[in-house]
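# Results of the structural survey
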Amino acid sequence: MKLFAPKKKLVVICHGIEVFTPVSGLKKKVLQQADRILAVSTFTKEQLITQQQLPAEKITVFPNTIDPFFQLPADFSKPPYLQQRYGIQGDEKVIFTLTRLNNKEGYKGYDTLITVLPKLLQQGIRFKYILAGKADAVELARMRQLINKLQLEECVLLPGFIADEEVMDHYRLADVFVMPSKGEGFGIVYIEAMACGLAVIAGNKDGSTEALQFGKLGTLVDPDDSEEIGEAFVRVLQEQHEPLQVQQKMLDSFSFEQFKGRLAQVLAHV
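Reference entry: report on the structure contained in this document. (Residues numbered from 1 in each chain as written. Predicted model: local features only at pLDDT ≥ 70, side-chain atom pairs only at ≥ 80, totals over all residues. Heavy atoms only, no water.)

### Examining the overall build of the protein
Of regular secondary structure, the protein possesses 11 helices and 9 strands. The C-alpha radius of gyration of the protein comes to 20 Å, within 12% of the 18 Å expected for a compact globule of 270 residues. Principal-axis analysis of the C-alpha atoms gives the protein an extent of 65 × 40 × 30 Å. Carbon and sulfur atoms make up 52% of the accessible area of the protein, which totals about 13,700 Å². Charged side chains in the protein number 31 positive and 33 negative. The centres of these two groups are separated by 9 Å. (Helix = DSSP H or I, 4+ residues; strand = E, 2+ residues; numbered from the N terminus. Rg over C-alpha atoms; globule rule 2.2 N^0.38 Å. Areas by Shrake-Rupley, 256 points an atom, 1.4 Å probe, with all protein chains shown as cover. Lys, Arg positive; Asp, Glu negative; His and termini not counted. Charge placed at Lys NZ, Arg CZ, Asp CG, Glu CD.)

Written out as structure tokens, the structure is:
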């Protein structure tokens with residue numbers, strides 16, 4: 001494009017793991033030739049500077065947004081059909097993670113999370129942990145082995161892929177969304193959870209911090225510190241959260257209207 005239309009401006013948006021290690025060839029050329037690079041978080045910007053050797057002044061932090069077609073719930077009650085499907089009792093808390101389970105990634109933190117769960121049982125907290133998302137065979141076997149080892153078969157559920165039409169209902173079913181990841185470029189799943197009024201716990205070492213507005217919208221924990229994760233669990237499960245307020249605070253930062261305003265500013269400067 002630059003060769004045949006040198007006056008045209010090239011803007012590149014960078015999200016996550018695809019730029020967390022040095023790129024080469026055409027990808028490297030694109031980053032070098034771009035007039036402006038948009039990083040979805042401060043963490044991604046730092047990776048572009050250190051891993052891709054790009055000048056900081058060329059990069060603008062440009063957060064993601066909630067999908068404009070995501071239907072924001074007005075009713076935050078737990079769907080009875082999912083309570084029945086998963087055998088959830090009235091006094092059980094529901095912990096939810098929605099992600100892909102990939103044995104080659106290993107940064108989402110759900111395995112560390114599972115090792116913390118016996119401590120909740122020791123404290124008398126009754127719960128179901130729903131770890132949802134498409135899994136490869138190797139990772140699924142590893143998770144089942146870990147669950148069996150910790151004797152959590154009655155508490156941890158692996159439903160696999162969740163159809164789009166049921167995603168919002170799963171958020172509504174939960175009391176807290178947890179994913180102590182270490183490699184998120186941003187983490188749209190966190191703002192989806194907050195859009196459904198859900199309290200969120202995320203890691204403090206990656207782009208998750210941006211999605212949670214550095215702790216203003218949710219709870220950030222050291223993803224390598226199981227003790228800290230466990231303490232955050234107990235605290236958040238005991239707190240009262242007003243779903244409508246959680247939803248509104250998220251929209252104040254990440255609504256599609258906010259996104260369009262930020263994009264207009266970026267294009268004006270380009």
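The rest of the description comes next.
### Section: the nonpolar core
Within the largest apolar cluster, 37 residues are counted, with the highest numbers of intra-cluster contacts made by F96, L98, Y171, F177, Y190 and M194. Only α3 (80-86), β4 (93-98), β5 (127-132), α6 (164-173), β7 (176-179), α7 (188-195), β8 (199-203) and α10 (243-254) provide two or more residues apiece to this core. Top element by residues in this core is α7. It accounts for 6 residues. Residues contacting Y190, with those up to four places away along its chain left out, are F177, M179, S181, E184, V200, I201, A202, S208, A211 and L212. Ranked by size, the runner-up nonpolar core spans 29 residues in total, among them L101, L131, L152 and A232. (Core = buried A, V, L, I, M, F, W, Y, C linked by side-chain atoms within 4.5 Å. Buried < 20%, exposed > 50% of the residue type's maximum accessible area, 1.4 Å probe, protein only. Contact = heavy atoms within 4.5 Å.)

### Remarks on the packing of helix α4 (residues 110-122) against helix α5 (residues 137-149)
Remark: α4 packs on α5, axes separated minimally by 10 Å, with the N-to-C direction vectors making an angle of 15°. Regarding the angle of α4 to α5, the classification is roughly parallel. The two elements α4 and α5 cross, and the hand of that crossing is right-handed. Two secondary-structure elements touch here, α4 through Y110, D111, I114 and T115 and α5 through E139, R142, M143, L146 and I147. Taken together, the residues that form the contact of α4 with α5 break down as 5 nonpolar, 1 polar and 3 charged. (Axes fitted to C-alpha atoms, helices over the stretch in contact; angles between N-to-C directions. Parallel < 35°, antiparallel > 145°, perpendicular 65-115°, else oblique. Left-handed = near helix turned anticlockwise from the far one by under 90°. Nonpolar A, V, L, I, M, F, W, Y, C, P; charged D, E, K, R; others polar.)

### Things to note about the environment of V156
In this structure, V156 sits in strand β6 (residues 156-160). Remark: the alpha-carbon pair of V156 and I114, spanning 42 residues in sequence, is separated by 8.2 Å. The residues contacting V156, other than those within four sequence positions of it, are L117, Y129 and I147.

### Some words on the pattern of salt bridges
The full count for this structure, using the stated rule, is 16 salt bridges. Between R126 and D91 there is a salt bridge, and its shortest N-O distance comes to 2.8 Å. Of the two residues, R126 sits in the loop between α4 and β5 while D91 sits in the loop between α3 and β4, which places them 35 residues apart along the sequence. Overall, the relative accessible area of 38% leaves R126 in the partly exposed class. Among the ionic pairs, K128 bridges to E92, the shortest N-O distance being 3.1 Å. Of this pair, K128 sits in strand β5 while E92 is found in the loop between α3 and β4, placing the two residues 36 residues apart along the sequence. Each member of the pair K128 and E92 is classed as buried. (Salt bridge = Lys/Arg side-chain N within 4 Å of Asp/Glu carboxyl O.)

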